[in-house]
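One letter stands for each residue in the lines below.
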Amino acid sequence: MPYKAAVFDLDGKLLNTITDLAWATNYALKHYHMPTYTVEDVKHMVGNGVAKLIRDAVPANTSEELYQKVLATFKEHYADHSLDTTAPYPGVTEAVDQLRAAGVKCAVVSNKPDFAIADLMNHFFPNKFDFALGQRDDLKRKPDAEPVLFALKQIGVSPNDAVYIGDSEVDVATARNSGMPCISVTWGFRDKEVLLAAGATACADTADEMTALILGHEV
């Protein structure tokens, strides 16, 4: 039987956001005369929210006051440029449509700021998800289970009837902490070897494979 709900992380699963994230990171760093990073560097730094991304990006001896300024500059720039190069991964829009047609509720839970989630979801997936949640001050950040369980409550599905879809070691831990199985996609921000080392047990190489696993079909 298929799962009653699928909870997706956003970056690296549904949307390829990495270039816009890297550009916003480097814009903020350059603004304060700090060393910058390649897109590939940033790909391995994301997953724990923008506060952690910028904390890792600034030099180790950066003061708290300066760090907060860099973070604020990043947020301001990213708010204006989150759609510059971002696009859905091949097949994911159709996959969500197929899941919804099969009666599977779909939700997004991300460590990306909630304001950015709203903009991206409205632009790329209007009316395609039952609920979408970004990082909020009143909820803990993944890999804590709180935001996932909060989202499931909003759509009326138990963790026992849901599956989590991610692309990183943070996502594997999030699913584990939430008491849910995890499908790890290999087209995102982490290599398959990293996912397996983190404990991934089900991997999907394409959107069709991901859909089949959610619906309980043979892959």
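Note that the structure is a prediction, hence the values are computed from the model and not measured.

**Description of the pattern of salt bridges**
Pairing is possible between side chains that carry opposite charge, provided their charged atoms lie close to one another.
Right, so step 1: Applying the stated rule across the entire model yields 15 salt bridges.
Right, so step 2: Between K13 and D171 there is a salt bridge whose closest N-O contact spans 3.6 Å. Here D171 lies in helix α8 (residues 169-177) and K13 lies in the loop between β1 (5-8) and β2 (15-16), a separation of 158 residues in the sequence.
Right, so step 3: By relative accessible area, D171 is classed as buried at 1%.
Right, so step 4: In this structure, R190 and E169 form a salt bridge, with 2.9 Å as the shortest nitrogen-oxygen distance. Of this pair, R190 sits in the loop between β7 (182-185) and α9 (192-197) while E169 sits in helix α8, and the two are 21 residues apart along the sequence.
Right, so step 5: Look at R190 and you get buried, because its relative accessible area is 6%.

**Some remarks on the packing of aromatic side chains**
Aromatic rings in a pair are described by how distant their centres are and how their planes are angled relative to each other.
Right, so step 1: The final tally for this structure, using the stated rule, is 5 aromatic pairs.
Right, so step 2: Taking the centre distance of 6.0 Å and the plane angle of 85 degrees together, the rings of F8 and F129 count as edge-to-face. Of this pair, F8 sits in strand β1 while F129 sits in the loop between α6 (114-124) and β5 (131-135), placing them 121 residues apart in sequence.
Right, so step 3: Through a chain of ring-to-ring contacts, the aromatic side chains of F8, F125 and F129 assemble into a single cluster.
Right, so step 4: Here the basic side chain of R55 rests over the ring of Y67, its NZ or CZ set 3.7 Å away from the ring centre.

**Topic: unusual backbone geometry**
Right, so step 1: Cis peptide bonds are those with omega within 30 degrees of zero, and the linkage from K142 to P143 qualifies with 20 degrees.
Right, so step 2: As for its placement among the helices and strands, P143 is situated in the loop between β5 and α7 (146-155).
Right, so step 3: Even without being a glycine, H33 presents a positive backbone phi close to 60 degrees.
Right, so step 4: The residue H33 is located in the loop between α1 (18-31) and α2 (39-43) in this model.

**Topic: the side chain of D167**
Right, so step 1: Structurally, D167 can be placed in the loop between β6 (162-166) and α8.
Right, so step 2: Looking at D167, its side chain comes within polar contact range of the side chain of K13, at 2.3 Å.

**Here's the deal with the environment of A204**
Right, so step 1: The residue A204 is located in strand β8 (residues 203-204) in this model.
Right, so step 2: Overall, A204 belongs to the buried group, its relative accessible area being 0%.
Right, so step 3: Between the alpha carbons of A204 and I183 there is a distance of 6.9 Å; along the sequence they are 21 residues apart.
Right, so step 4: With residues near it in sequence (within four places) discarded, A204 still touches I183, S184, V185, T186, W187, E209, M210 and L213.

**Description of the environment of D167**
Right, so step 1: Assessed through its relative accessible area of 2%, D167 is described here as buried.
Right, so step 2: The contacts of D167, once residues within four sequence positions are left out, are D9, D11, G12, K13, V185, G188, F189, R190 and L195.

**Looking at α6**
Side chains of residues three or four places apart in an α-helix project in the same direction, reflecting 3.6 residues per turn.
Right, so step 1: For α6, every residue scored as buried is listed here: A116, I117, L120, M121 and F124. Buried residues of α6 fall within an arc of 125 degrees about the axis and therefore sit on the same side.
Right, so step 2: In the core, the buried residues of α6 are packed alongside β2, α4 (64-81), β3 (87-88), β4 (105-113) and β5.

The rules behind each value
- Residue positions are given per chain, counting from 1 as you read along its sequence in written order.
- It should be noted that, the model being predicted, local features are given only for residues of pLDDT at least 70 and side-chain atom pairs only at 80 or more, the latter also being counted only at that level, while totals for whole chains, interfaces and linings use all residues.
- Values reported for side chains reflect all heavy atoms of the structure, with hydrogen atoms and water molecules removed beforehand.
- Each salt bridge in this description consists of a side-chain nitrogen of Lys or Arg and a carboxyl oxygen of Asp or Glu lying within 4 Å of one another.
- Secondary structure is summarised from DSSP: a helix means a run of H or I of at least four residues, a strand means a run of E of at least two, and numbering begins at the N terminus for each.
- Type-normalised accessible area, obtained with a 1.4 Å probe on protein chains alone, sets the label of each residue: buried when under 20%, exposed when over 50%, and partly exposed for intermediate values.
- Only rings of Phe, Tyr and Trp enter the pairing, Trp through its six-membered ring, and a pair is recorded when the two centres are within 6.5 Å. The plane angle decides the type: under 30 degrees is stacked, over 60 is edge-to-face, the rest tilted.
- In this scheme, the term charge over a ring applies when either NZ of a lysine or CZ of an arginine sits within 6 Å of the ring centre and within 35 degrees of the ring normal.
- Nitrogen and oxygen atoms within 3.5 Å of one another constitute a polar contact, given that in protein one can donate a hydrogen and the other can accept it, and given that sequence-neighbouring residues count only through two side-chain atoms.
- Working rule for contacts: check all heavy atoms of both residues, and any pair within 4.5 Å makes them a contact.
- The arc in question is the one spanned by the directions pointing from the helix axis to the C-beta atoms.

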